[in-house]
Every structure is written in structure tokens, then in C-alpha cells.
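If you want the building blocks of each chain, they are given just below.
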Amino acid sequence: MRFGLIGVGGIGRVRIKALEQSANCSFTAVYDIDKSIKDTVGKDVQVFDSFEALAMSDACDAVIISTPPNFHLDQAVACLEGGKHVIVEKPMASSLDECKKMLETARKENKTLTVGFNHRYFDAIKTVREAIQSGDIGELSYIRAYGGHTGLSEFKAPWMYDKDIMGGGTMMDNGIHVLDLTQHLMGGVKSVYGFALTDIWKLDRSEDNGFALLRGNNGVVASLHSSWTEWKGYHFSIEAYGSKGMARAYYAPMMSTVITMEHKGGPKKTKRNFYLPAIFREKFKGWQTTVIQTFVDELDDFIALTNGKSEGAVIANAEDGYRAIEIVNGIYESSKTGSAVVLDENI
Ligand SMILES: NC(=O)c1ccc[n+]([C@@H]2O[C@H](COP(=O)([O-])OP(=O)(O)OC[C@H]3O[C@@H](n4cnc5c(N)ncnc54)[C@H](O)[C@@H]3O)[C@@H](O)[C@H]2O)c1
């Protein structure tokens, strides 16, 4: 499949490497407001003067949007209306209204729209998903999730913590990945209760720590904490607890633990995995190597979806992207009112 890219910044450049490594994709079109990017892409990539021109061209079949979130709506709608399938980076957009318009356009145009929740493809996450789906840990009861980084020192630009651009603070930034993993593994969220704190960085409306209690459609409960004050550096973890055991994924470094018990109070069986190839690859070639691998897997799922093959695909679709923002907004509302927020049944 021929891909265009809008936004060639930090993550856009990692997207290009994934397109180059994927056996099923080629990188054929690009647009960025920064005109100097034309000297940094290959000669056979067509460089456009506007996202509208790229959207209307015949230079690609699908587009990856990797710009700040306040631009996602206009760019995604133009590409969908131009007949392109779209992968938009997380968060899907800065507001729920914008996500809704994107979702509706994809439905109207009958095009595939997915959201870049690439953590679903981390090897340790695959282990947890398999432990749940195989029934190894029994019936799922609750999930405990955490994601954090150091906050202000981590950001290359002020828009990255600007509420009007990002739509929020840590929950919209790193937290949304763990939130998506949580909704993905628990099978959908029904209600949310939460707190958003601005005590530490005292940013305008952008929380430095967010906490949530989620109740799933199936009764599963999840607790979630997202932080911009993780002094030890970037990491996340997610743990699923069932009637016969538990499964845990941790990053970084990548590791997983699955503990199972055939009968209540019986002996435990523990399986640990340290993903040594990933750990060494990251140590010598950087964390981007893991992200590239997840993007390549995501691209395969995306292409399958555009061909109507959703079986086995774990890619986050537009509904998942919408739900993630709805949950974050629910946390913000709950934090103000002190009450739980019930999500819309239909979207
Ligand atoms: N999947 C992940 O793990 C992950 C990681 C980091 C960032 N992201 C997301 O990717 C997106 C981009 O983040 P980034 O860190 O690469 O930012 P960045 O600032 O490094 O890059 C943004 C790029 O977009 C360009 N740009 C800005 N406004 C534009 C516009 N109106 N039209 C076209 N180009 C424009 C900039 O010139 C720049 O090249 C954000 O949505 C962010 O949340 C995802």
C-alpha cells in the first residue's frame, strides 16, 4: 500500500522508518509546514505544498497524520474525503467533538480510520492479552495500570503540554496509551470516576497526574494512574487479575510475568520473560527500534482492515480512539463534580 505522511517530526520520522521496513508498504507522499523536510526525504517521495493537495492527489492510498492533535480533524477529514484510508497519531484529536466528526466522515466515506495506539503491539502486552484470551488466568476480575514520565523536562515544545492543543495533560499524552490498553484488555468501559491534579507543575488546565477508576461493560474494574512526575523516567505497567492467576507487562525494560494456579490455594506456576533481544536492541540502537517494530505490525493490521479482514487484528479503530478521549473527558468532569460519569452507549 502507498502511504503519505503529514507531519515529519519526532514520531513522523519513526513512521518513515517503519514504512521503509514494512514489506507491504511504500512511502510515496509527504507534507509538513516546515518546508525544509523536502531535503530529508527520498527522491521518489512526492512533496506537497498543502495537506489539501496531498489529500486530493493520486500519490498515495493511505495517509499517516503525525502533527499536533489540534490539526488532526481538518487533515483527517480532507484525506478521508480525498478517498484515503487514515492512521492518525494519538490522541485522536483535542476534543470529543472533533473525534466525532472524524468518525462520522470515515463512516460516510467508507474508509478505514485508525488511531496510533501502537503499545497494543508491544511483546509484553501480547503476553498479557494471550493470558486473558486463552483463559490461562481464568475469568478477568480487575486491571491495574500505570504510565509515567518526568513531565516538563521531557517536552521538546510547549504545545505538548498546552490544554488547547493537546486537549489535556498527562492523561492525553502518555496516559492515553495505558488507558487504551486498559479498555482494550478489559473489553470496553461503561463508567469512569477520576481525579486530575495540577499540584506539581501548576500548568493551566493540564493535569500533571490523573487517576481513574473504570467499570467495564462486563463488570471488570480497572484502576489507572498517569503521571508527569515519574522522576525515574519513562515507564508503564499493566496487570490483569483473574480467577486463576495474573499477568503483568512492564516497560522499560520490556518484561512480563504470568502466574497461574490450577485450583484455588494450589501450587503456583510462574512464567517470566525478559525479552532480551528487545532489551539489547534498545540499549545499542535506541527505544525507537521497538516503536518501529510495533508500527510495522500496526501497518499489517491496518492493511488487513482496509481489505475488510478484521479477524485477529488488534489495531485501535476510530471507535477506540473516540472512547479513549471520552474516558479522559470523563475523568476531568468527574474530578470537578465528584460524581462518576457514564459513557454514551452509542457512538
Ligand atoms: N505513538 C506514540 O507513541 C507517539 C509518540 C510521540 C508523539 N505522538 C503523537 O504524534 C503527533 C506528533 O508528535 P511529535 O512528537 O512527532 O511532534 P513534533 O513536534 O516532533 O512533530 C510535529 C511535526 O508536524 C509538523 N507540523 C506542525 N503543524 C503542522 C501542520 N499544521 N501541518 C503540517 N505539519 C505540521 C511540524 O513541522 C513537525 O515536523 C502528536 O499527535 C503526538 O501526540 C505519538
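What you see is a predicted model, and the numbers here were worked out from it, not measured in a lab.

## Let's talk about the packing of helix H1 (residues 10-21) against helix H9 (residues 288-306)
Then comes step 1: The interhelical angle for the contact between H1 and H9, taken along N-to-C directions, is 60 degrees, at an axis separation of 8 Å. By the criterion of interaxial angle, the relationship of H1 to H9 is oblique. Between H1 and H9 the crossing geometry is right-handed. In contact with Ile-11, Val-14, Arg-15, Lys-17, Ala-18, Leu-19 and Gln-21 of H1, H9 contributes Gln-288, Val-291, Ile-292, Phe-295, Val-296, Glu-298 and Leu-299.

## Structural notes on the layout of surface pockets
Then comes step 1: Here the largest pocket defines a volume of roughly 1300 Å³.
Then comes step 2: The wall of the largest pocket is formed by 45 residues, among which Gly-10, Ile-11, Lys-90, Lys-156 and Met-160 lie closest to the centre.
Then comes step 3: In terms of residue count, the dominant contributor to the lining of the largest pocket is H1 (4 residues).
Then comes step 4: Tallied by class, the residues present in the lining of the largest pocket amount to 23 nonpolar, 14 polar and 8 charged.

## Section: helix H5 (residues 123-133)
Then comes step 1: Every buried residue of H5 is listed here: Ala-124, Ile-125, Val-128, Arg-129, Ala-131 and Ile-132. Down the axis of H5, the buried side of the element spans an arc of 160 degrees, and every buried residue falls inside it. Residues of H5 that are exposed and point over 90 degrees away from its buried face: Glu-130 and Gln-133.
Then comes step 2: Of the surrounding elements, those touching the buried residues of H5 are strand E7 (140-148), helix H7 (175-186), strand E11 (235-242), strand E12 (245-251) and strand E13 (255-261).

## Re the side chain of Thr-105
Then comes step 1: Among the secondary structure elements, Thr-105 is positioned in helix H4 (residues 96-109).
Then comes step 2: Exposure remark for Thr-105: the relative accessible area of 10% places this residue in the buried category.
Then comes step 3: Residues in contact with Thr-105, not counting those within four places in the same chain, are Val-77, Leu-80 and Glu-81.

## A closer look at empty space enclosed by the protein
Then comes step 1: Throughout the structure, instances matching the rule amount to 1 cavity of 30 Å³ or more.
Then comes step 2: By volume, the largest cavity amounts to about 50 Å³.
Then comes step 3: Together, His-119, Gly-147, Gly-148, Asn-174, His-177, Val-178, Leu-181, Tyr-234, His-235 and Phe-236 line the largest cavity.
Then comes step 4: Among the elements of the structure, E7, H7 and E11 are those that each provide at least two residues to the lining of the largest cavity.
Then comes step 5: In terms of residues, the lining of the largest cavity owes the most to one element, H7, which gives 3 residues.
Then comes step 6: Here the lining of the largest cavity is built from residues that sort into 4 nonpolar, 6 polar and no charged.

## A short note on the sheet that holds strand E6 (residues 113-115)
Then comes step 1: On the basis of which strands lie adjacent, the open sheet formed by 6 strands has the order E3-E2-E1-E4-E5-E6 and parallel pairing. In this open sheet, the two edge strands, each paired with only one partner strand, are strand E3 (46-47) and E6.
Then comes step 2: Alignment of strand E1 (residues 2-6) against strand E2 (residues 26-31), held across 5 bridges, turns out to be parallel. If you follow Gly-4 over to E2, its bridge partner there is Ala-29.
Then comes step 3: Packed onto the sheet, H9 meets E1, strand E4 (62-65), strand E5 (85-88) and E6 and runs at close to 150 degrees relative to E5.

## Notes on the confidence of the model for the protein chain
Then comes step 1: Of the residues in the protein chain, 100% reach a pLDDT of 70 or more, and the chain-wide mean stands at 97.
Then comes step 2: Helix H8 (residues 276-285) is the least confidently modelled element of the protein chain, averaging 94 in pLDDT, while E4 averages 99, the highest of any element.

## Brief notes about the domain arrangement of the protein chain
Then comes step 1: For the protein chain, the domain assignment lists domain 1 (2-115) and domain 2 (119-342).
Then comes step 2: The interface of domain 1 with domain 2 comprises 36 residues on the first partner and 32 residues on the second.
Then comes step 3: At the junction of domain 1 and domain 2, the tally comes to 3 salt bridges.
Then comes step 4: The salt bridge involving Asp-173 is made with Lys-90; its shortest N-O contact spans 3.7 Å.
Then comes step 5: Broken down by element, the side of domain 1 that touches domain 2 gets its largest block of residues, 8 residues, from H1.
Then comes step 6: Residue composition of the side of domain 1 that touches domain 2, by class: 20 nonpolar, 10 polar and 6 charged.

Cut-offs and rules
Residues numbered from 1 in each chain as written. Predicted model: local features only at pLDDT ≥ 70, side-chain atom pairs only at ≥ 80, totals over all residues. Heavy atoms only, no water. Axes fitted to C-alpha atoms, helices over the stretch in contact; angles between N-to-C directions. Helix = DSSP H or I, 4+ residues; strand = E, 2+ residues; numbered from the N terminus. Parallel < 35°, antiparallel > 145°, perpendicular 65-115°, else oblique. Left-handed = near helix turned anticlockwise from the far one by under 90°. Contact = heavy atoms within 4.5 Å. 1 Å grid on protein atoms, 1.4 Å probe; cavity = no way out; pocket = protein on both sides within 12 Å on 5 of 7 lines; lining within 4 Å. Points joined across faces, edges and corners; volume = space filled by probe spheres on them. Nonpolar A, V, L, I, M, F, W, Y, C, P; charged D, E, K, R; others polar. Buried < 20%, exposed > 50% of the residue type's maximum accessible area, 1.4 Å probe, protein only. Arc of directions from axis to C-beta. Pairing = 2+ DSSP bridges. pLDDT = per-residue confidence, 0-100. Domains from an automatic or database assignment. Salt bridge = Lys/Arg side-chain N within 4 Å of Asp/Glu carboxyl O.

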